[in-house]
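Chain residues, written in single-letter form:
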Protein chains: 2
Amino acid sequence: MTHTQPRTLIKDLATLPDGPVTVQGWVETVRDQKRVQFVILRDESGSAQLVNPVNEDTAETAATISGLMHGSFVTVRGDLKADERVKLGGLEVKVGELVVETVAKDSPIADDSSIDKRLDWRFLDLRRPEAQLIFRVQTTIEHAFRQHWIDEGFIEIHTPKLMATASESRAELFEVPYFETTAYLAQSPQLFKQMAQSAGFGRIFEIAPAFRADPSFTSRHATEFTSVDAEISWVESHEDVMAMHEQLLAKAVTAVIERHGEEIQQRFGIELQAPTLPFPRIPHAEVKRIVEEGGHTIERADGDLDPEAERRISAHVKETQGHDFVFVTEYPSTVRPFYHLRPEGREEVTNSYDLIYNGVEISTGAQREHRIERLREQALEKGMDVAELEEYLGFFEYGVPPHGGFGMGLARVVMLMLGLSSIRETTFLFRGPTRLHP
Amino acid sequence: MTHTQPRTLIKDLATLPDGPVTVQGWVETVRDQKRVQFVILRDESGSAQLVNPVNEDTAETAATISGLMHGSFVTVRGDLKADERVKLGGLEVKVGELVVETVAKDSPIADDSSIDKRLDWRFLDLRRPEAQLIFRVQTTIEHAFRQHWIDEGFIEIHTPKLMATASESRAELFEVPYFETTAYLAQSPQLFKQMAQSAGFGRIFEIAPAFRADPSFTSRHATEFTSVDAEISWVESHEDVMAMHEQLLAKAVTAVIERHGEEIQQRFGIELQAPTLPFPRIPHAEVKRIVEEGGHTIERADGDLDPEAERRISAHVKETQGHDFVFVTEYPSTVRPFYHLRPEGREEVTNSYDLIYNGVEISTGAQREHRIERLREQALEKGMDVAELEEYLGFFEYGVPPHGGFGMGLARVVMLMLGLSSIRETTFLFRGPTRLHP
């Protein structure tokens, strides 16, 4: 159809005077009464009531509305009228012309469908206003991150996801037949972020997919996820990384509150608060002590924290310091990869941290070991095949400044910010061991 | 070492008064004379001269400097002194303490090394100031794109790169063994961008990797590349897509001029000019006529433009309209995929375009066909296996608004903006049929 009026987003209707408007969106509900028909129309910005009084003049439109399937996309030209009796936004649009752009089949999912069924029909599931809010929040978080990095002179890089070698271990690695050879999908941009340090890029960031052939089915794991990564040169220790990390998150939460605070409260019942800086820091050994004194025995053989320990230390910090975030620092060398730097004279710990947010680990950060002799020693000590590590080690021979960085799961950050129970809700199209569709 | 002064970026030295400073970077050159030593130190922001008069007091530092390999990363504490006789920035730093953080081996590449050899040692090749500028320019371009999208209310999405089916054709597709089944690496986010339209997201963008098992070795092809993608609902035609597209590029070029214009002129000899809006538009048939009248016969069997035709129409537009960009519109249905919308009553053309920039195609955009019956017809007409397309077609049955979008190769944009000859120069770590390293 030709529009005599340009399209108005539904959220902007309230700013217009009464008169002709064009709105476009999908049909959420139809109330088809004898004398008057009501349609709730939703677009990406909100929903509004359409009204069509049934009489001789409107018979054709009335027949169309009677046959409208929920989910159909329509263009409506009509007359906007402010009316405070209308609960939905205090306005309605009296239908003049209604054109069905695409007819929809009946939706196979409902509000009470299981998460698995909803994921089967994710493109319909995402029409829920809560789902749309999730991805608007994610957009705001990412933009706040990037704005901070840009302001600080970081370079954005796009590291390859096809690699010739496994960067850390061959476990949980996807193999790709690649012409005459085999490639692997990057599990993290770790190696390439470090090459950017050797290249003298100084400070870099990347938000990109990462892949793990992880057979687990928890609420926190996916085979493909969006990894938020930064790496900076000339750190004195992991403290420099944590300082950057906490600023990023504080800015992101602040931006989310400004843009979406009210709607988050309304749809998720959560009142977000901007975190204070600095975030609390507790050494790993101290965390273990606190958790054990609280009655939880960590069963892991390697002594690392388990999910229950993460929940408990987070609750402890919330209770004692009122903070949603906590850096667990000084992880033992035994539970950290060979490339985490060990401070002079305290070889049993690493200059590394995990960041826990509302009870769940969202990130690991560290100062990296930049001295090749120590890297070799530490790789040997971990029982790694040094020959296989040569590509990783190679570029260290040509000079690398002291550096550090972090990797963080974006879907986890959004999940924990909005109090959701699974990253399946905060991933656009989730990928797991048994899910490649849609 | 413990710094008594915080690190100063070299570009900021000029803003400081004479006195103690700490600078950190890598050694570019050493001039080791009998009475005085000079070191050119480079960091991510620029380069500066260090000076060390050789005498009894400085003997230890002098020995260190004499043994310094180029490329070594060092921390220098010293005294800044403005001195207009120093060609490099009119200042120098008299070395107090010099600590070698990592010793470098001799670089295996030189300024005249072949591109292939430089790529073998890309982490060293990227230390060239020209290379660093390329990625700063890219960072500015991407940020300008995203800022425009954010200002216009777009949602950022992260579409999966692991797919169950080929979105368009099985040619040039990477296969990935995936638990009990097979996955494919996404050649473009096309299908998923369209799902976001069905989901009612309205307007979306993504900058992410895409994969093509393309065996060609041209200066414009890679097996993995960064794809810039946007898709918008409720378009009237491809004109709405082009209007968004040209605004994005105009803002990006303007931002690059503001941030890097002088340095681009200095390093690449190019004076960038912000493009005027609207960009020229020429229908495909008219382009063919102009090119053929100019003496070039297009040899392609399908009648589509070849690279020489792209160069010629671009030169023609530059000559006649002074513009670096041109939209070639109204592509014949025969050379476009089945999902490009064909305008009512003119089934022989499509509501689509290619965007050519300085002689090379950087993007294809189109209004997509959103009506499932027409999609089926057009897929059949193209001889496609409709059964295999069912996942693609499936979500159209549940309603999709009229929509369109584009995909654009980021490395090509940067290459053409800076007058470079290959995307190998504008890709952080290039991937091709015979290149998976480093």
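Values in this document were obtained by computation on a predicted structure and should not be read as measured data.

Is there a simple way to explain the overall build of chain A in this structure?
A count of helices and strands for chain A gives eleven helices and 16 strands. By principal-axis analysis of the C-alpha atoms, chain A measures approximately 90 × 60 × 40 Å. By residue count, 60% of the 438 residues in chain A fall in the buried class. Across chain A, every contact between residues at least 6 apart in sequence was considered, and the portion connecting residues at least 24 apart equals 65%.

Any chance you could explain the relation of the copies chain B and chain A here in plain terms?
Note that the two copies of the chain are related through a rotation about an axis and a translation along the same axis. The operation relating chain B to chain A is a screw motion whose rotation component is 180°, with 0.0 Å of axial translation and a residual RMSD of 0.0 Å. The two molecules are tied by a two-fold rotation axis, judged by turn and shift. Considering only C-alpha atoms, the part of chain B nearest the rotation axis is B:Val176, at 2.5 Å. Counting the interface residues of chain B, we find that 100% of their copies in chain A are interface residues as well, pointing to one common contact surface.

Please clarify how the sheet that holds strand S6 (residues 155-156) of chain A should be interpreted in this entry.
Strand pairing in a sheet is mediated by backbone hydrogen bonds. Such pairs are either parallel or antiparallel. Residues and elements named next belong to chain A. Here eight strands make up an open sheet; going across it, the order is S6-S10-S11-S16-S15-S14-S13-S12 and the pairing mixed. Of all strands in the sheet, those with a lone pairing partner are S6 and strand S12 (281-283), marking the two edges. The pairing of strand S14 (residues 352-357) with strand S15 (residues 360-368) spans six bridges and is antiparallel. By the bridge assignment for S15, Ser 352 is matched with Ala 366. Contacting strand S11 (224-233), S12, strand S13 (325-329), S14, S15 and strand S16 (403-409), helix H6 (residues 238-268) crosses the sheet at an angle of about 35° to S16.

Honestly, the sheet that holds strand S10 (residues 203-211) of chain B in this entry has me stumped. Any pointers?
All names here are of chain B. Across the sheet, eight strands lie side by side as S6-S10-S11-S16-S15-S14-S13-S12; this open sheet has mixed pairing. Lying at the two open borders of the sheet, with one neighbouring strand each, are strand S6 (155-156) and strand S12 (281-283). The sheet contact formed by S12 and strand S13 (residues 325-329) spans three bridges and is parallel. Its bridge partner being in S13, Pro 283 is matched across the sheet by Thr 329. This element, helix H4 (residues 129-151), spans S10, strand S11 (224-233) and strand S16 (403-409) of the sheet and lies at about 150° to S10. Here helix H8 (residues 307-321) sits on the sheet and contacts S12, S13, strand S14 (352-357) and strand S15 (360-368); the angle it forms with S14, its principal contact strand, is near 75°.

Please explain helix H11 (residues 410-417) of chain A as it appears in this structure.
In an α-helix there are 3.6 residues to a turn, and that puts residues three or four apart on one side. Residue and element names in this part refer to chain A. The element H11 is largely enclosed, with a buried count of eight among its eight residues. Considered for burial, the residues of H11 that qualify are Leu 410, Ala 411, Arg 412, Val 413, Val 414, Met 415, Leu 416 and Met 417. In the core, the buried residues of H11 are packed alongside helix H4 (129-151), S11, H6, S14, S15 and S16. In the stretch just after H11, Gly 419 is the one whose phi turns positive, near 65°.

Sorry, what's going on with unusual backbone geometry here?
Excluding glycine, most residues fall at negative phi; most peptide bonds, likewise, are trans. B:Leu277 connects to B:Pro278 through a cis peptide bond whose omega is -5°. Here B:Pro278 shows up in the loop between helix H6 (238-268) and S12. Note the cis peptide between B:His437 and B:Pro438, where omega equals -10°. With respect to the helices, strands and loops of the structure, B:Pro438 is situated in the segment after helix H11 (410-417). The phi dihedral of A:Phe179 is positive, around 50°, even though this residue is not glycine. In this fold, A:Phe179 is placed in the loop between strand S8 (175-178) and strand S9 (181-185).

Sorry if this is basic, but what is going on with the environment of A:Leu410 here?
Structurally, A:Leu410 can be placed in helix H11. In sequence terms A:Leu410 and A:Glu142 are 268 residues apart; their C-alpha atoms lie 8.6 Å from each other. If we ignore the near neighbours within four places in the chain, the residues touching A:Leu410 are A:Gln138, A:Ile141, A:Glu142, A:Thr226, A:Val228 and B:His158.

Got a minute to help me understand the interface of chain B and chain A in this structure?
Accessible area lost on assembly of the parts is the figure often given for the size of an interface. Across the boundary between the two partners, chain B contributes 96 residues, which contact 96 residues of chain A. Summed over both partners, the interface of chain B with chain A comes to about 8100 Å²; 64% of that surface belongs to carbon and sulfur atoms. Ranking the residues of chain B by area buried against chain A places B:Trp234, B:Tyr398 and B:Leu436 at the top, with a combined share of 11%. Remark: the boundary between chain B and chain A carries four salt bridges. Linking chain B with chain A are 34 residue pairs in polar contact (both at pLDDT 80 or more), by the criterion used here. Here the side of chain B that touches chain A gets ten residues from one element, more than from any other, and that element is H4(B). Residue composition of the side of chain B that touches chain A, grouped by class: 49 nonpolar, 26 polar and 21 charged.

Hey, could you run me through the UniProt feature "binding site: ATP" (unreviewed entry) in chain A in this one?
Residue and element names in this part refer to chain A. Mapped onto this structure's residue numbering, the UniProt feature "binding site: ATP" (unreviewed entry) falls at Glu 361, Gly 409, Leu 410, Ala 411 and Arg 412. The greatest C-alpha distance among the residues just named is 11.9 Å, despite their covering 52 residues of sequence, which places them together in space. Within the secondary structure, Glu 361 sits in strand S15. Excluding residues within four positions of it along the chain, Glu 361 makes contact with Glu 310, Asp 354, Leu 355, Ile 356 and Arg 412.

What is the right way to read the packing of H4(A) against H6(A) from this model?
Geometry of a packed helix pair, given as the angle between the helix axes and the separation of the axes. Residue and element names in this part refer to chain A. Between H4 and H6, the shortest axis-to-axis distance is 8 Å and the interhelical angle comes to 155°. Put simply, H4 runs roughly antiparallel to H6. Pair H4 / H6 crosses with right-handed handedness. Of the residues that constitute the contact of H4 with H6, the class distribution is 16 nonpolar, four polar and six charged.

I'm lost on the pattern of salt bridges in this one. Help?
Where charged atoms from two side chains of opposite charge approach closely, those side chains can pair. Residue and element names in this part refer to chain A. Enumeration over the complete set of coordinates arrives at 78 salt bridges over all chains. We note a salt bridge from Glu 310 to Arg 220, for which the minimum N-O separation is 3.6 Å. One end of the pair, Glu 310, is in helix H8 (residues 307-321); the other, Arg 220, is in the loop between strand S10 (203-211) and S11, with 90 residues separating them in the sequence. Both residues of the pair, Glu 310 and Arg 220, belong to the buried class. A salt bridge links Arg 300 to Asp 302, with the nearest nitrogen and oxygen atoms 2.8 Å apart. With a relative accessible area of 39%, Arg 300 lands in the partly exposed category. Taking relative accessible area as the criterion, Asp 302 reaches 39% and is therefore assigned partly exposed.

Mind showing me how you'd approach the domain arrangement of chain A here?
All names here are of chain A. Partitioning chain A into domains gives domain 1 (10-102) and domain 2 (122-417). Between the C-alpha centres of domain 1 and domain 2 the distance comes to 47 Å. Between domain 1 and domain 2, the contact holds five residues from the first and four residues from the second. A buried area of about 430 Å², summed over both sides, lies between domain 1 and domain 2, and 45% of it is on carbon and sulfur atoms. The largest contributions to the domain 1 side of the interface with domain 2 come from Trp 26, Arg 42 and Glu 44, which together make up 76% of the buried area. Linking domain 1 with domain 2 are zero salt bridges, by the criterion used here. Applying the counting criterion to the domain 1 and domain 2 interface returns two residue pairs in polar contact (both at pLDDT 80 or more). In terms of residue class, the side of domain 1 that touches domain 2 is made up of two nonpolar, one polar and two charged.

Rules used throughout
- Residues numbered from 1 in each chain as written.
- Chains lettered and ligands numbered in written order.
- Predicted model: local features only at pLDDT ≥ 70, side-chain atom pairs only at ≥ 80, totals over all residues.
- Heavy atoms only, no water.
- Helix = DSSP H or I, 4+ residues; strand = E, 2+ residues; numbered from the N terminus.
- Buried < 20%, exposed > 50% of the residue type's maximum accessible area, 1.4 Å probe, protein only.
- Contact = heavy atoms within 4.5 Å.
- Least-squares fit on C-alpha atoms with pLDDT ≥ 70 in both.
- Pairing = 2+ DSSP bridges.
- Axes fitted to C-alpha atoms, helices over the stretch in contact; angles between N-to-C directions.
- Buried area = accessible area lost by both parts, 1.4 Å probe.
- Salt bridge = Lys/Arg side-chain N within 4 Å of Asp/Glu carboxyl O.
- Polar contact = N/O pair within 3.5 Å; in protein donor to acceptor, adjacent residues only side chain to side chain.
- Nonpolar A, V, L, I, M, F, W, Y, C, P; charged D, E, K, R; others polar.
- UniProt positions renumbered as here; feature names shortened; annotations may be inferred.
- Parallel < 35°, antiparallel > 145°, perpendicular 65-115°, else oblique.
- Left-handed = near helix turned anticlockwise from the far one by under 90°.
- Domains from an automatic or database assignment.

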